[in-house]
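# Summary of structural features
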Amino acid sequence: YLRGGPNWGLFLTDFCGKIGGSVTKASVRIPHIIMKKSEKEEEMSSLNSSLNDPETAGDYEKVLKITEKISLAENALEIMYTEWEELSEKLT
């Protein structure tokens, strides 16, 4: 389900039904975090692949930019995991 897409409402309804039917910040935010987490992991995979490219490996500035982006993506994932954990605790 894509956020904002035609099935997003159905996804949220189904998700909220599975956690007791109440639409809370946590029940809406968790699917968003899951989606963003997947996007960030794909971004990191792509960035890591770029680092393995021989053309990139020979360009110090490219390597520096890519490693900075990887670091930012790792930090974003850490924040997402923390928020996911905190929101999950509220649902239990």
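Residue positions are counted from 1 within each chain, in the order its sequence is given. Since the coordinates come from a predicted model, pLDDT governs what is reported: local features require at least 70, and pairs of side-chain atoms require 80 or more to be given and counted, while whole-chain, interface and lining totals use all residues. Water and hydrogen atoms play no part in the side-chain values, which are based on all heavy atoms of the structure.

## Topic: helix α4 (residues 60–91)
The test is simple: Labels follow the DSSP assignment, with helices taken as runs of H or I lasting at least four residues and strands as runs of E lasting at least two, numbered in each case from the N terminus. Expected helix span is taken as 1.5 Å per residue step, with the number of steps being one fewer than the number of residues. Using a 1.4 Å probe on the protein chains alone, a residue whose accessible area is under 20% of its type maximum counts as buried, one over 50% counts as exposed, and one in between counts as partly exposed. For this analysis, residues touch if any pair of their heavy atoms sits within 4.5 Å. For this analysis, a polar contact is any N or O atom pair within 3.5 Å, provided that within protein one partner can donate a hydrogen and the other can accept it, and provided that sequence-adjacent residues contribute only side-chain to side-chain pairs.
With 32 residues, α4 ought to run about 46 Å at 1.5 Å a step, and its terminal C-alpha atoms sit 46 Å apart, in line with that. Buried within α4 are the following residues: I66, I70, A73, L77, M80 and L87. Considering only its buried residues, α4 is in contact with α2 (25–52) and α3 (54–57). Regarding α4, its N-cap is D59, as a side-chain oxygen of that residue lies 3.2 Å from the backbone nitrogen of E61 further along.

## Examining the packing of α2 against α4
Relative placement of two packed helices is described by the angle separating their axes and the distance separating the axes. What counts, and what does not: Each axis is a line fitted through C-alpha atoms, and for a helix only the stretch in contact is used; angles between axes span 0 to 180 degrees, taken between their N-to-C directions. Angles are sorted into four bins: roughly parallel if under 35 degrees, roughly antiparallel if over 145, roughly perpendicular if 65 to 115, and oblique for all others. Here a crossing is called left-handed whenever its near helix is offset anticlockwise from the far helix by less than a right angle, and right-handed whenever the offset is clockwise. Following the grouping adopted for this structure description, the nonpolar residues are Ala, Val, Leu, Ile, Met, Phe, Trp, Tyr, Cys and Pro, the charged ones are Asp, Glu, Lys and Arg, and the polar ones are all others, Gly among them.
Their axes nearest at 9 Å, the elements α2 and α4 cross at an angle of 160 degrees. In terms of axis orientation, α2 runs roughly antiparallel to α4. As α2 packs across α4, the resulting crossing turns out to be left-handed. In terms of residue class, the contact of α2 with α4 is made up of 18 nonpolar, five polar and eight charged.

## Brief notes about the nonpolar core
Rule in force here: For the purposes of this section, nonpolar cores are sets of buried Ala, Val, Leu, Ile, Met, Phe, Trp, Tyr and Cys residues that join through side-chain atoms within 4.5 Å.
Of all hydrophobic cores here, the largest spans 11 residues; its members are A26, I30, I33, M44, L47, I66, I70, A73, L77, M80 and L87. Sorting the residues of this core by element identifies α2 and α4 as the ones contributing at least two each. If one sorts the elements of this core by residue count, α4 sits on top with six residues. M44 has contacts with I70, A73, E74 and L77, leaving out every residue within four places of it along the chain.

## Points about α2
For α2, spanning 28 residues, the distance from its first C-alpha to its last is 40 Å, which sits close to the expected 40 Å at 1.5 Å a residue. Of the residues making up α2, those classed as buried are A26, S27, I30, P31, H32, I33, M35, K37, M44 and L47.

## Quick word on the confidence of the model for the chain
Using the following cut-off: Every residue gets a pLDDT, meaning the predictor's confidence in that residue, from 0 to 100.
Confidence in the prediction of the chain, expressed as mean pLDDT, is 80, and 75% of residues score 70 or more. Mean pLDDT per element in the chain: helix α1 (residues 8–18) is the minimum at 55, and α4 is the maximum at 92. Low pLDDT (under 50) marks residues 1–5, which in the prediction has seven contacts with non-local residues, meaning those over four places away or in another chain.

## A word on the pattern of salt bridges
Operational definition: Salt bridges are defined by distance alone: a side-chain nitrogen of Lys or Arg within 4 Å of a carboxyl oxygen of Asp or Glu.
Going through the model one piece at a time under the given rule, you end up with four salt bridges. Its salt-bridge partner being K37, residue E41 comes within 3.3 Å of it at the nearest N-O pair. One end of the pair, E41, and the other, K37, are both in helix α2, four residues apart, so they sit about a helical turn from each other. By relative accessible area, E41 is classed as partly exposed at 32%. Its relative accessible area of 13% is what places K37 among the buried residues.

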